[in-house]
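# What the coordinates show
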Amino acid sequence: MTTVLRSVLYMPGANDRALEKAKSIPCDGLILDLEDSVAPEAKPAAREAVCAAASSGEYGRRTVTIRVNSLGTEWHDADLAAAAKAGPDGIVVPKVNSAAEVLGLVEAMERAGAPEHTRLWAMVETPQAIFNAREIAAASDRLAVIVMGTNDLVKELYAEHVPGRAPLLTSLSMALLAARAAGVQILDGVYNDVKDAEGFLAECAQGRQMGFDGKTLIHPGQVEPANEQFAPSAEAVEDARGLIEAFESAGSGVATYKNKMIENLHVESARRTLTIHDAISALG
Ligand SMILES: CC(C)(COP(=O)(O)OP(=O)(O)OC[C@H]1O[C@@H](n2cnc3c(N)ncnc32)[C@H](O)[C@@H]1OP(=O)(O)O)[C@@H](O)C(=O)NCCC(=O)NCCSC(=O)C[C@H](O)C(=O)O
Ligand SMILES: [Mg+2]
């Protein structure tokens, strides 16, 4: 089954208003955050609030995840144990740097009694993680999603946030290669300027063109544009149907559709487009 993850919204775990509001935001997924958006003194209360929210069953069709604090921090063990017990769809672990860490996290989730449906989402956001992305993505069947942490990457690379993201393209591509080789999903990083609709759309289009399954978001206003950008357009769906029909009625290994050569590999891509379209339509 295809899990649709066009729009995955972070929300600060200490913000009760946001936790409530999320129940009506049309995002595909939620990351209830205990890491960067929560001040140290607020972390214990936020842990309780997000675990209660995740196990409440009040977020409908949305994929609900909890982002714990990273390995080695004073909060990590308690976060992971509480999140495992709450049984969300995923536990998001920031700053995962190696396959050995993935295996340790999976073991800890199992020890803490995480239900089978709770998958591991690993964030890659350091140079070490990018070099190890292939091993990280393939380390365990429990790992379902790779999440780009582009703010941390920019920081670690001493790079700058620029339109077009040239300084990040190598890292984004290496992580994508790793996810595709391992057959797991991959989400693009966040766009920090919540008022820049044009820049956000351009970055969504770039992520979609590169092959990302969806984008992580920080503001409700980014949800609908991301849903649109990461869904096959009406034209893409019509072309997918037309291409399959043209190939099937040609009855040979090669044909043309709209003057372009098509082979079985194009049919496979068209079928994937239709599968995603159907999965989105089924969301209602
Ligand atoms: C970025 C924000 C701080 C902006 O907040 P604010 O100025 O309050 O926004 P608005 O006034 O426009 O908010 C309008 C209403 O929407 C609600 N809201 C805002 N953001 C969210 C959200 N993320 N989820 C749910 N609801 C949200 C407000 O409460 C307002 O509601 P109402 O009162 O009814 O009008 C803020 O958007 C924010 O905190 N965003 C999330 C920040 C976050 O989670 N950061 C951590 C993750 S990003 C990261 O770490 C990535 C990675 O690790 C990396 O390295 O890149
Ligand atoms: Mg980060």
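Treat the numbers as computed from the prediction; the structure is a model and nothing was measured. Residue positions are given per chain, counted from 1 along the sequence in the order it is written. Both sets of labels track the order of writing: A upward for chains, 1 upward for ligands. At least 70 in pLDDT is required for a residue's local features to be given in this predicted model, at least 80 for side-chain atom pairs to be given and counted, and no such filter applies to totals for whole chains, interfaces and linings, which use all residues.

### A closer look at the pairing of strand β5 (residues 119–124)
Burial is judged by counting the other C-beta atoms within 10 Å of a residue's own C-beta: 20 or more makes it buried, 12 or fewer makes it exposed, and any count in between marks it as partly exposed, with every C-beta position built from the backbone. Strands are runs of DSSP state E lasting at least 2 residues, helices are runs of H or I lasting at least 4, and numbering of each runs from the N terminus. For β5, a buried count of 6 out of 6 residues is recorded, marking the element as mostly surrounded by other parts of the structure. Where strand β4 (residues 90–93) lies against β5, 4 bridges are found, and the strand directions are parallel. The residue of β5 that forms the bridge with Ile91 is Leu120. You can see the chain leave β4, run along helix α4 (residues 99–111) and come back into β5, and the turn it takes is right-handed. Between any two strands, pairing holds if DSSP finds at least two bridges. The path from the first strand over the helix to the second decides the hand: if it runs clockwise while the strands point away from the viewer, the crossover is right-handed.

### So, the sheet that holds β5
Pairing in this closed barrel of 8 strands is parallel, and the strands run β1-β2-β3-β4-β5-β6-β7-β8 around the ring. Going from strand to strand, the sheet's axes swing by 25° on average, the running direction of each strand aside. In this description, a residue-residue contact is defined by the distance between C-beta atoms placed from the backbone, which must lie within 7 Å. Structural elements are reduced to axes, namely lines fitted to C-alpha atoms, with helices fitted over the stretch in contact, and the angle between N-to-C directions of any two is expressed from 0 to 180 degrees. Running at roughly 170° to strand β6 (residues 143–148), helix α8 (residues 169–182) makes contact with β5, β6 and β7 (185–188) of the sheet.

### Points about the UniProt feature "domain: HpcH/HpaI aldolase/citrate lyase" (unreviewed entry) in the chain
UniProt positions are given in the numbering used here, feature names are shortened, and annotations may be inferred rather than shown by experiment. Feature annotation in UniProt places "domain: HpcH/HpaI aldolase/citrate lyase" (unreviewed entry) on residues 6–220, given in this structure's numbering. Its end C-alpha atoms 13 Å apart, residues 6–220 is made of 41% helix and 19% strand.

### Notes on the site of ligand 1
The environment of ligand 1 is formed by 23 residues, the closest being Tyr10, Ala18, Gly149, Asn151 and Asp152. When residues in the shell around ligand 1 are grouped by element, the largest group, 4 residues, is from strand β1 (residues 7–12). Residue composition of the shell around ligand 1, grouped by class: 11 nonpolar, 6 polar and 6 charged. In this text, near has one meaning. A residue is near a molecule or strand if its C-beta atom, placed using the backbone, is within 6 Å of it. Any residue outside Ala, Val, Leu, Ile, Met, Phe, Trp, Tyr, Cys, Pro, Asp, Glu, Lys and Arg is labelled polar, Gly included; the first ten of those are nonpolar and the last four are charged.

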